[in-house]
Structure formats: C-alpha cells, structure tokens
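Structure at a glance
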Amino acid sequence: MNLLDLTIIELHEGFKKKQFTSTEVTKAYLEQIKKTDGQIGAYLTVTEELALAQAEAADKIIATKKEFPMLCGIPFSVKDLIMVEGQICTAGSKILEKYVAPYDATVIKKLNAQGAVVLGKVNLDEFAMGSSTENSAYKVTKNPHDITRVAGGTSGGSAASVAAKQAVFSLGTDTGGSIRQPASFCGVVGLRTTYGSVSRYGVVADASSLDQVGPIAKTVEDAKIIFEAISGKDAMDATSVDYKFKDINVELKGLKIGVPKEYFAKGIDPKVEKIIREAIKKAQDAGAKIFQISLPSSKYALAAYYIIQTSEASANLARYDGIKYGLSSPAEKLLDVYIKSRGAGFGAEVKRRIMTGTYSLSSGYYDAYYKKAQEVRQLITQDFENAFKKVDVIFAPVSPFPAFKIGENTDNPLAMYLADIYTVSVNLAYLPGLSLPTGKVGKLPVGLQIIGNHFEENKILSVASQMESMLR
Amino acid sequence: MISKEEVQHIAKLARLELTEQETEKMQKDMSAILDYFDVLKKAPKIKSSPVVRTTGLKENATRKDLVVERPASLANNLVGAAPDRKDDYIKVKSIL
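Looking at an unreviewed UniProt entry, chain B carries the name Aspartyl/glutamyl-tRNA(Asn/Gln) amidotransferase subunit C. Recorded in UniProt under Sequence similarities (unreviewed entry), the annotation for chain B is "Belongs to the GatC family." Quoted straight from UniProt, the Subunit (unreviewed entry) entry for chain B says "Heterotrimer of A, B and C subunits."

Under an unreviewed UniProt entry, the name given to chain A is Glutamyl-tRNA(Gln) amidotransferase subunit A. Listed under Catalytic activity (unreviewed entry) in UniProt, the entry text for chain A is "L-glutamyl-tRNA(Gln) + L-glutamine + ATP + H2O = L-glutaminyl-tRNA(Gln) + L-glutamate + ADP + phosphate + H(+)". Listed in UniProt under the heading Subunit (unreviewed entry), the comment for chain A reads: "Heterotrimer of A, B and C subunits."

This brings us to the nonpolar core. Residue and element names in this part refer to chain A. By size, the foremost hydrophobic cluster in this structure holds 163 residues, and its most contacted members are Phe 127, Phe 169, Phe 384 and Phe 395. Tallying contributions element by element places helix 9 (residues 298-316) first for this core, with 10 residues. With near-sequence residues (within four places) excluded, Phe 127 lies in contact with Leu 81, Ala 91, Ser 93, Ile 95, Leu 96, Val 204, Asp 206, Leu 317, Tyr 320, Phe 346 and Val 350. In terms of nonpolar packing, the next biggest core, distinct from the first, is built from 6 residues, Val 150, Ala 403, Met 416 and Ala 419 among them.

Time to look at helix 2 (residues 22-40) of chain A. Residue and element names in this part refer to chain A. Along its length, helix 2 shows its largest kink, about 35 degrees, at Lys 34. Those residues of helix 2 lying buried are Ser 22, Val 25, Thr 26, Tyr 29, Leu 30, Gln 32, Ile 33, Thr 36, Asp 37 and Ile 40. Looking one or two residues beyond helix 2, the residue adopting positive phi is Gly 41, at roughly 70 degrees.

This part covers helix 15 (residues 457-471) of chain A. Residue and element names in this part refer to chain A. Relative to the 21 Å expected for 15 residues at 1.5 Å per residue, helix 15 spans 20 Å between its end C-alpha atoms, a close match to the ideal helical length. Helix 15 sits mainly inside the fold: 11 of its 15 residues count as buried. Residues of helix 15 that are buried include every one of Glu 457, Asn 458, Lys 459, Ile 460, Leu 461, Ser 462, Val 463, Ala 464, Gln 466, Met 467 and Glu 468, and no others. Lining the buried residues of helix 15 we find strand 7 (189-192), helix 7 (220-230), helix 8 (270-285), strand 11 (393-397), strand 12 (433-441) and strand 13 (444-451).

Applying the stated criterion across every chain yields a total of 26 salt bridges over all chains. Of the charged contacts in the structure, one is a salt bridge between Lys224(A) and Asp247(A), with a shortest N-O distance of 2.9 Å. A residue pair is termed long-range when its members are at least 10 positions apart, and Lys224(A) in helix 7 and Asp247(A) in the loop between helix 7 and strand 9 (256-260) qualify at 23 residues. Across the pair Glu278(A) and Lys274(A) runs a salt bridge whose closest N-O atoms are separated by 3.3 Å. Here the residue Glu278(A) and the residue Lys274(A) both occupy positions in helix 8, the gap between them amounting to 4 residues, near one helical turn. Taken together, the salt bridges that share partners define one network made up of Glu349(A), Arg352(A), Arg353(A), Lys25(B) and Asp29(B).

Here we come to the interface of chain A and chain B. Contacts between chain A and chain B engage 67 residues on the former and 53 residues on the latter. Interface of chain A and chain B: buried area, both sides summed, is about 4900 Å²; carbon and sulfur atoms make up 70% of it. Inspection of the chain A/chain B interface yields 3 salt bridges. The salt bridge partner of Lys340(A) is Glu17(B), with a shortest N-O separation of 3.1 Å. Counting the contacts that link chain A with chain B gives 11 residue pairs in polar contact (both at pLDDT 80 or more). Mapped onto the side of chain A that touches chain B, the elements with two or more residues apiece are helix 9, helix 10 (334-345), helix 11 (348-361), helix 12 (367-390) and helix 13 (413-417) of chain A. At 12 residues, helix 12 of chain A tops the list of elements feeding residues into the side of chain A that touches chain B.

Below, the discussion takes up the sheet that holds strand 1 (residues 43-46) of chain A. All names here are of chain A. Strand order in this open sheet of 11 strands is 1-3-2-6-8-7-12-13-11-9-10, and the pairing throughout is mixed. Edge positions in the open sheet fall to strand 1 and strand 10 (289-293), since each of these has one partner strand only. The sheet shows a mean angle of 30 degrees between the axes of neighbouring strands, direction not considered. Where strand 2 (residues 75-79) meets strand 6 (residues 169-173), 3 bridges bridge the pair, whose relative direction is parallel. Within strand 6, the residue paired with Phe 76 across the bridge is Phe 169. The strands touched by helix 2 within the sheet are strand 1, strand 2 and strand 3 (117-122), with strand 3 carrying the most contacts at an inclination of about 20 degrees. With respect to the sheet, helix 12 is in contact with strand 9, strand 10, strand 11 and strand 13, its orientation differing from that of strand 11 by roughly 120 degrees.

Next up on the list: the side chain of Ser360(A). Relative to the elements of secondary structure, Ser360(A) occurs in helix 11. The exposure class assigned to Ser360(A) is buried, which follows from its relative accessible area of 0%. If near-sequence neighbours (up to four positions away) are discounted, Ser360(A) is found in contact with Ile307(A), Ser311(A), Tyr365(A), Tyr366(A), Tyr369(A), Tyr370(A) and Phe37(B).

Residues and elements named next belong to chain A. The residues that UniProt annotates with the feature "active site" (unreviewed entry) are Lys 79 and Ser 178. On the basis of their most widely separated C-alpha atoms, the annotated residues across 100 residues gather in one place, lying no more than 10.9 Å apart. Positionally, Lys 79 belongs in strand 2. In this structure Lys 79 comes out as buried when scored by relative accessible area, which is 0%. Not counting chain neighbours up to four residues away, the residues in contact with Lys 79 comprise Lys 121, Val 122, Leu 124, Ala 128, Thr 154, Ser 155, Ser 158, Ser 170, Leu 171, Gly 172, Thr 173 and Ser 178.

Thresholds, definitions, all that
The residue numbering used here restarts from 1 in each chain and proceeds along that chain's sequence as written. Both sets of labels track the order of writing: A upward for chains, 1 upward for ligands. Thresholds applied to this predicted model are a pLDDT of at least 70 for local features of residues and 80 or more for the giving and counting of side-chain atom pairs; totals over whole chains, interfaces and linings are not thresholded and use all residues. Excluding hydrogens and water, the side-chain values take into account all heavy atoms of the structure. UniProt positions are given in the numbering used here, feature names are shortened, and annotations may be inferred rather than shown by experiment. Among buried residues, those of type Ala, Val, Leu, Ile, Met, Phe, Trp, Tyr and Cys that are joined through side-chain atoms within 4.5 Å constitute a nonpolar core. A simple rule labels every residue: compare its accessible area, found with a 1.4 Å probe on the protein chains alone, to the largest value its type can have, and call it buried under 20%, exposed over 50%, or partly exposed in between. Segments assigned H or I by DSSP are reported as helices when at least four residues long, segments assigned E as strands when at least two residues long, and all are numbered from the N terminus. Any two residues having at least one pair of non-hydrogen atoms within 4.5 Å are treated as being in contact. Two axes are fitted around each residue, one to the seven residues ending there and one to the seven starting there, and the angle between them is reported as the bend at that residue. A helix's residues, less one, multiplied by 1.5 Å, set its expected span. By definition here, a salt bridge exists when the distance from a side-chain nitrogen of Lys or Arg to a carboxyl oxygen of Asp or Glu is within 4 Å. Take the accessible area each of two parts loses on contact, using a 1.4 Å probe, and add the two losses: that sum is the buried area. Think of a polar contact as two N or O atoms within 3.5 Å of one another; within protein, one of them needs to be a possible hydrogen donor and the other a possible acceptor, and neighboring residues in sequence only count if both atoms come from side chains. At least two DSSP bridges between two strands are needed for those strands to be called paired. Inter-axis angles, ranging from 0 to 180 degrees, are taken between N-to-C directions of lines fitted to C-alpha atoms, where helices are fitted over the stretch in contact.

Set out below in structure tokens:
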C-alpha cells in the first residue's frame, strides 16, 4: 500500500484501524515534496515544522477518541493567497514577499478545527491573475503529466501538488476559472463553489464579486468532504450566506443535462471536443436526457469578465501602498512612496490589469466599459436562469484546449485570456461548477465541466461521482 | 491605439510608476485588450439599469456595533507588518 495513493476516507479508516499514523502519512508527503518539487515547482513554502506539530496533535486525538473528524490528520496544501497565521503569504507577488499572515483565514480555521495538517503554501499567478501560473513572481509550476507544459492557473500550485501526490488535497480560489482550469490541465477534481457558500475572510482579494474558495482533490468524494467542511456563513464575511451542505443522490437516469451549443463553436480543439462529447454520450447511455441549450450572451462573457475583474482588482489592489504592509520603496514624499512601491512590487500582468481596470472606471469611459459590462453580466445571469428552468445540470468543456507549452502565451495577454472562455460565465453568474477528469489527449488530461444552479453543489457532486465511476 | 499621454494619465490615477519601456508595452497591450472589449458594443441593451445581484443576499448585511475582544497579539501582528513604525504607531511621510 502506498500512503500517497489513499483518499480521505481511506486515510480516515486507516487511522481508525491504527494501520498508520498521521505523522507517518505527513512524513511520506513531506518526503514526496522533497523528492519531486525541484522538478514540479508547486510549493512556495513547505511548513514542515507546523505540519509535524499538527500531525502529532492529530495522532493524539486519533489515539484517544473512538470518533474523530473526517479531516483529522489529513495533510493538505494551501494556495498562497489564503492566510495561515504565522506563515509567509506572498499572493505570488514580490510586494508581499516578506508578509507574515497575522491571522488564519476562516477556511483554515475550519480545517484546523477538524485537525487537518498544513503541508505548505503553493504557487499561483500573482494576485490570482493569469491562466497558467507563469505570472507568479517566484517560479513557474510545471504540469506533472508533462513538465514542458503549464499546470494551468491561477491555482496551478494547488492542482499540481495534488496531481503529483504532494498533498491529499488543496485549497484554491476561482475568480474566472482558477480552480477548474488547472484541475482540468492536471487531471484532478476541482470545485468552484457558489458565490457566498464559503467564507473569504483571510483570503487576499482579487475581484470581490467573483472570488470564491474551493477544493482541489483526487476524487469527487474528497472534494465533497472538503466542501462540506469549509462552507457556511461566517460573521467575518458579509457576503457569505446561511448555507448548510446537504448530501443528496441524484440518479443519472432521467437527469436533464443541458449542452450549450456556444461552448462547442469555433476555437475548441477537436480532440477536446471528442472527449467531452463521449462523456455526454456515456451519461446518455446511463439514462440521462440530453438537451441542446443556448446561452446566447456567451460571446460577450470574456470581455465583460475582464472589464469587471480588472476594475474590481484595480480598486482592491489600491491597498498596497508601501505604508501599511508589504514592500516599501523609500521616497521623500508620501505620493512617491505609493507610486514607487507599486511600480517596484507588482509584476507585468498585475500592472496591466490595474491599468485596464482604472481605465474602465475612469471618467469618460465608465459607461462604455464598466457599466456596459455590468449589463452584460445581467444578460449572462439570465441565460443561466432560463437554462436551469429546463435542465438540472449543464455539461461543457472546461478549457478549449489541454495544457499548453510553457512560454507559449506569455507575450500575448489576449491569447492567455482565451483560456478562460468556458469558465468565466459561471463566475459572472455566481454559479458553482466542477472539473472532472474525463479523458486524455496524449498524456494531457481533459476535464468535463459540470455546472449547476446556485447552491446545488450537492447535485453537481452526485452527478460527478457517477460519471467518475463510469469513466474509471 | 491609445496614446502615450493617456497611458501616463491612467498610471497616475492608478498610482503606478511605469518605466519608459513599460509605458510603450502598455500602450500596445492595452490597445489590443480595449479593442477586444469593443465586442460589447454589439451586446443587446437591457431595459432596466443593471443591478448587482448576488446569491442569497436580499438586504444589506450589518453586524451589531459591539466591541469584540481579540488577542493583543493580533494588533501587534497588524502594526508589526508596517514597513515604518515608531512604538505602536505606523509612520507616514509628511503630506504637506
């Protein structure tokens, strides 16, 4: 038995039967990180000391209690956008290179309360802006299936760490596809959660009407366990809502699946399309009813997304001023401290987005850009509302292509943005969506996107779990 | 193509220092991105003004105005993160 292959439930059962301890499992993962991360580059910080202390504490609970929480003793990695008290939190940026998190994010508190073990902080595109983790100020995370290719982004470190068996699971964030796309590229399960279902307290803000925390895991069942653990209302996040996960079993037989025709238009790699169509056929063979649906505003989604994301990010990132925390460039006058610190601390893509967002919000352009984008967001939300009157879930590709070569899109920001074309609408409409490993083009994994209505993660997870067994 | 002066104006609004080289590249990149945004001109108009809708939030979320006890270490950590300090205060450059 290889400890690194076990799922959360298998580990939990093993702890119960005293087959192994959390310390042994944690050490196996730390060893794997040491052995493989030189090549993969998923981790920015390995919190070995913290991990071993948490594992020891978990082992005490496991030794003395008959029943203990499902995540007790389970080692995981954390996107370096989510704060773990006392640990460096860089957000992938030089501006936060030495920033020590002053408190735990609520999601970390919740996992700590169960006795889970933090292995370390993993790589991302700077401030979660990008589609490949190449915008990290520190390093490029490689795809474990082909190290000449990207892991996807922005939660590339999260997806790669799970795919390379360097963590049982990971916490990521998804603003425009940042959980689903890297999960698709790395062949793991990733769940973008409904807006408001998971607290964002202690998570570095990118675009506040779009950001959401979610799990990246080996299996659908693992993703479900993590989602159940981290979801729910938090007094510290005013946008979180009263929500309690309820497990349900939805039969594929009779299930109404919508397939949006706009997601199979020009631009999709025919090999990816074939894999997604085959998955849809399998669902149909299992008794699901397939409906071709239309999401007519899809063609405007990417532009609307990049206006809203950059606008909100430009406002959120105004806090990095060289005064309160983070990198500070010395200057005589206050204004020069701001300007120089930000000029020195932010990378090229973050600067581009701050500039684009500031432009979209500036006097004279607001109506044509930001306001128009908000209108389109409403149209996109209505498209999904109409679709969910007819169907239970939507099946679509996650990305038009599998993982691309490192460096392929770095000189062309617009080409990079196109990687998000099938994921951003879900964020604009505040919806949940899951990426399920479905097939491969050569050695490169391809994910199926399963989109559900608001707070119907339970339905998505049940459908995904049955698809997972059929595809295995 | 957006002008160099316009890029410099936006950079000033964004409190961002850009080198000469960065300004030139920004001109090119922003122009391509803004051209792409033009697709929205073709989007249908909506009748009502757009409302920012989120899930399950039917009214403003407010909390009671109460003092919540937090550990002193938190305040120390927060102030301690500032690059320039004197005692328990954050030092700021003179404005005038």
